[in-house]
Amino acid sequence: MTGQENAETRVEEFTRDVDLGAIARALAERRDEILTRWTKAAIRQPFHEESAEPPNIESMFDGLVHLLVAAAPRSVDPPPPLNDPVLAHATRAHVQRRLEDGLRADEVAIEFRLLRQEIGRALRFQVGEATPTSDIIGAMLLIDDAIDGAISVALSSLDSYIEEMRAEVLGSAVHDLRQPLTAMRSSLGVAAKALGQPNKNLDLSAKAVRLAEAGTERLAMLVATLADASRVASGRVEVKGSQANLAQIVHAATDELGPAVARRVRLQVSVGLNVTGFWDPAHLTRVVMNLLSNAAKFSPEDAPIDVALESRGDSLLVRVHDAGIGLTAEEISLLFRRFARSQRVASRRKEGLGLGLYLSRGLVEAHGGRIWAQSAGLGKGTTFSIELPRHREAA
């Protein structure tokens, strides 16, 4: 018999001959209160993002109540908690969703622990004196065992999730890195062939070399994106702060993207607005480039891209608005995850690792700022906003 089976057997022995019905009813009656208090406690945790949807653990709570109801009669011996199909499904669904939201396994475990605390608090004030102490203890043992099992699921799911993400990033990286490599090889082959002819075609050779150079720059950008995303994921972003001008940063970003994008950008700055602050120009240029590149990629070729700089207290706002394909609420909730690309974007066969917005969020947050997106719906364009404190020491 394994260690896990021994632990389950012990819980079955401790909860044998207890009546869980009163506990199940008490939790069901205070369901809304427990979930409300849990949500308030969860969003106060440092890993919760203001721009994210509020966390939801309703299905997990309902699974626990279902387990208690199923094992309520004294004549029924409770099964191992995660053998209950309703609770098992709710547990795995919550873990998977939170890992996709970017939480670590230990942060998911904190959410489960908070639920245990709120359930314990509710039972303390709700269960009457007529309820036998043995029933209360038996119920809490079963709930504790279920939540401990859920934490184990979070840890084991993390391993599977990491493997899936590793396979996904390798597949995306190989695909996107192969494109500029193929273009470079083809261009250099053309140049070599032109130079090897008796009457050397210098114009053709020069054009081919320029294409190869463009491929080199594209390749370098992809490698830099992967390296920076790795630093964001591990919390190793280094901000080299200095006095910087945000309007100049926008101009630098448009220059990097080339004339095709630059001629579409319309920068709006109020007269007399102070657009300076203590930032890392290289990082913020990268962020603005990502936003402008996306705006150009997902909007009509001749449509303008409006960039506005606004003041908000001691912070500066950057808004990038396009008249492109727009976003659904679900797509907005996924935007800043690693390798996130909606089905509509994937179907358009647009280049990209799906790391640009994830990287942008990490770089903005390293400055003590935040980034978010808004859209009125499909076909109605998108606005990305960045809020940056003017005075922030390097994080």
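Residues numbered from 1 in each chain as written. Predicted model: local features only at pLDDT ≥ 70, side-chain atom pairs only at ≥ 80, totals over all residues. Heavy atoms only, no water.

Novice: Sorry if this is basic, but what is going on with the packing of helix α3 (residues 31-43) against helix α4 (residues 58-70) here?
Specialist: Think of two packed helices as two axes; the pair is described by the angle between the axes and how far apart they sit. Two numbers describe how α3 lies on α4: the axes approach to 11 Å, and their chain directions differ by 140 degrees. It follows that α3 is oblique to α4 by the angle criterion. Here the hand of the crossing between α3 and α4 comes out right-handed. Contacts between α3 and α4 involve Arg-31, Ile-34 and Leu-35 on the former and, on the latter, Glu-58, Phe-61 and Asp-62. Each residue belonging to the contact of α3 with α4 can be placed in one class, and the counts come to three nonpolar, no polar and three charged. (Axes fitted to C-alpha atoms, helices over the stretch in contact; angles between N-to-C directions. Helix = DSSP H or I, 4+ residues; strand = E, 2+ residues; numbered from the N terminus. Parallel < 35°, antiparallel > 145°, perpendicular 65-115°, else oblique. Left-handed = near helix turned anticlockwise from the far one by under 90°. Contact = heavy atoms within 4.5 Å. Nonpolar A, V, L, I, M, F, W, Y, C, P; charged D, E, K, R; others polar.)

Novice: I would appreciate a short explanation of empty space enclosed by the protein in the present structure.
Specialist: If a probe the size of a water molecule is rolled over the atoms, the empty space left behind becomes visible. With the rule as written, the count across this model stands at one cavity of 30 Å³ or more. In this structure, the largest cavity occupies an estimated 30 Å³ of space. Sorting the residues of the lining of the largest cavity by element identifies α11 (281-297) and β7 (382-389) as the ones contributing at least two each. A total of three residues in the lining of the largest cavity trace back to one element, the largest contributor, which is α11. Along the lines of polarity and charge, the residues of the lining of the largest cavity split into seven nonpolar, no polar and no charged. (1 Å grid on protein atoms, 1.4 Å probe; cavity = no way out; pocket = protein on both sides within 12 Å on 5 of 7 lines; lining within 4 Å. Points joined across faces, edges and corners; volume = space filled by probe spheres on them.)

Novice: What should I look at first to understand the nonpolar core in this one?
Specialist: Among the nonpolar cores identified, the biggest contains 44 residues, and Leu-246, Leu-292, Val-320 and Ile-386 are the most heavily contacted of them. Elements supplying a minimum of two residues to this core: α8 (202-233), α9 (246-257), α11, β4 (305-312), β5 (315-322), α14 (356-366), β6 (370-374) and β7. Counting residues per element, this core draws most heavily on α11, which supplies eight residues. When near neighbours in sequence (up to four residues on either side) are disregarded, Leu-292 contacts Ala-253, Thr-254, Leu-257, Val-261, Val-265, Ile-305, Val-307 and Val-320. Judged by nonpolar contacts, the second largest core, of 41 residues, contains Met-60, Val-108, Ile-119 and Val-153. (Core = buried A, V, L, I, M, F, W, Y, C linked by side-chain atoms within 4.5 Å. Buried < 20%, exposed > 50% of the residue type's maximum accessible area, 1.4 Å probe, protein only.)

Novice: Looking at this structure, how should I read the pattern of salt bridges?
Specialist: Any two side chains of opposite charge can pair, on the condition that their charged atoms come close. Under the criterion given, the structure shown has 13 salt bridges. Each of Arg-31, Asp-32, Glu-58 and Asp-62 takes part in one network of salt bridges that share partners. (Salt bridge = Lys/Arg side-chain N within 4 Å of Asp/Glu carboxyl O.)

Novice: Got a minute to help me understand α14 in this structure?
Specialist: Side chains that are three or four residues apart share a direction in an α-helix, a result of its 3.6 residues per turn. Taken across its 11 residues, α14 has nine buried, putting it largely inside the fold. Listing the buried residues of α14 in full gives Leu-357, Tyr-358, Leu-359, Ser-360, Arg-361, Gly-362, Leu-363, Val-364 and Ala-366.

Novice: Just checking my understanding: could you explain the sheet that holds strand β2 (residues 265-269) for this structure?
Specialist: In spatial order, the strands read β2-β4-β5-β7-β6; together these five strands make up an open sheet with mixed pairing. Each edge of the sheet is formed by a strand with only one pairing partner; in this case those strands are β2 and β6. Between one strand axis and the next, the sheet turns through 20 degrees on average, direction left out of account. Of the pairings in the sheet, the one linking β4 to β5 comprises seven bridges and is antiparallel in character. When the bridges of β5 are listed, Ala-308 appears paired with Arg-319. Lying on the sheet, α9 is in contact with β2, β4, β5 and β7; it crosses β2 at an angle near 180 degrees. (Pairing = 2+ DSSP bridges.)

Novice: Just checking my understanding: could you explain the environment of Gln-374 for this structure?
Specialist: Here Gln-374 lies in strand β6. Looking at Gln-374, the relative accessible area reads 43%, which means it is partly exposed. The spacing of Gln-374 and Ser-385 is 11 residues in sequence and 8.2 Å in space, taken between C-alpha atoms. Once residues within four sequence positions are removed from consideration, Gln-374 is found in contact with Arg-319, Ile-332, Thr-382, Thr-383 and Ser-385.

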